[in-house]
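Structure assessment
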Amino acid sequence: MNRNFLYIIFALLIICTDTGAQTVRSKTYLDASTLAYRSDKINYFQYLTFEETFLWRRRYNREGLEKDSYFFHSVYTQDSAVGAKLIGFEFNFLHERFDKNRWNHFRDWNKIRMGMALSFEYIPFEPLLPVEDIYQYVNANIYLKFLHICQSCRGDKTTKFRRMSWGFLINVEYFGRVHAELSIKPLKYVWITGRFRKTLHDRYYGLFFELELNHHGYDVSRLESTKDIYNGVTVFAGVDYNETRSFFAFNLGLKMDFRNH
């Protein structure tokens with residue numbers, strides 16, 4: 001059983017690397033609870049979440065049409081566990097044009113992306129499971145991202161004219177984690193995000209302010225797949241409330257998204 005499982009993993013990796021894809025994007029996510037307050041007690045660096053992702057895409061499909069999908073891999077740490085997403089796939093849900101003009105208009109100013117990944121996760125310093133139970137380390141997730149791009153930014157690639165855009169994200173894992181966000185951009189370079197997280201043991205509610213440092217973060221958008229993707233560094237800060245353990249935490253974080261298209 002364990003041998004067949006390894007064969008499946010190797011086959012997936014071969015399929016991904018044999019698509020003729022090129023490295024085109026890298027994403028970095030870092031979120032640290034720098035200060036936590038509970039019952040007159042202060043703790044520092046209560047938790048840390050980190051993920052480094054590399055994404056590949058083919059420029060065109062067999063019919064010569066531009067593709068809007070990515071294969072990706074990543075390494076991460078969360079909930080005291082370390083893991084690797086062995087293979088993932090993300091695609092634009094509205095890539096193909098609809099027959100009705102009304103839906104074509106919706107497609108131009110609303111972006112829906114869906115993705116999924118298969119990962120291998122382990123908590124360090126815990127006893128290793130027997131080889132025949134290695135499948136218990138296998139995790140999987142599926143996510144949906146929606147973004148409404150406001151009319152004021154039509155034909156403009158600078159960051160400031162994306163004001164009043166809004167969107168949401170929901171990510172669900174097989175292990176039971178849930179991550180959901182609702183974001184709006186009321187100022188030129190600032191996003192306000194409400195966040196809900198369910199980890200392996202706790203539930204969090206948070207409010208965060210994100211600042212885009214690249215004032216021309218959409219200049220590099222030569223392809224359909226990058227018209228809704230910010231290119232550059234974003235820093236964020238906010239407050240998380242741990243409902244399970246009843247304490248507040250001040251969080252600092254960093255996002256970096258770079259690409260060559």
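Residues numbered from 1 in each chain as written. Predicted model: local features only at pLDDT ≥ 70, side-chain atom pairs only at ≥ 80, totals over all residues. Heavy atoms only, no water.

It is worth spelling out the packing of aromatic side chains at this point. A full pass over the atoms with the stated rule returns 13 aromatic pairs. Aromatic pair Phe91 and Phe93: ring centres 6.2 Å apart, planes at 35°, arrangement tilted. Of the residues examined, Phe91 reaches a relative accessible area of 22% and is grouped as partly exposed. Classification of Phe93 by relative accessible area gives partly exposed; the value is 48%. Where Phe146 meets Phe168, the ring centres are 5.5 Å apart and the plane angle is 20°; that geometry is what we call stacked. In this pair, Phe146 is assigned in strand S7 (residues 138-148) and Phe168 in strand S8 (residues 166-173), connecting sequence segments 22 residues apart. Three or more aromatic residues joined by ring pairs make a cluster, and in this case those are Phe71, Phe89, Phe91 and Phe93. The cationic tip of Lys85 hangs over the ring face of Tyr76; the distance from NZ or CZ to the ring centre is 6.0 Å. Taking the ring centre of Phe236 as reference, the NZ or CZ of Lys255 above it sits at 5.7 Å. (Phe/Tyr/Trp six-rings, centres within 6.5 Å; stacked < 30°, edge-to-face > 60°. Buried < 20%, exposed > 50% of the residue type's maximum accessible area, 1.4 Å probe, protein only. Helix = DSSP H or I, 4+ residues; strand = E, 2+ residues; numbered from the N terminus. Lys NZ or Arg CZ within 6 Å of the ring centre and 35° of its normal.)

Among the surface-exposed residues, Leu35, Tyr37, Ile42, Tyr44, Phe45, Val239, Phe248, Phe250 and Leu252 lie close enough to one another that they form a single nonpolar patch of about 920 Å² accessible area. When contributions to the nonpolar patch are tallied by element, the ones reaching two or more residues are strand S1 (22-38) and strand S13 (247-259). Ranked by residue count, the leading element in the nonpolar patch is S13, at three residues. For Phe45, the location among the structural elements is in the loop between strand S2 (41-43) and strand S3 (48-57). (Patch = residues over 30% accessible without salt bridge, like charges linked within 9 Å, V, L, I, M, F, W, Y side chains within 5 Å. Areas by Shrake-Rupley, 256 points an atom, 1.4 Å probe, with all protein chains shown as cover. Salt bridge = Lys/Arg side-chain N within 4 Å of Asp/Glu carboxyl O.)

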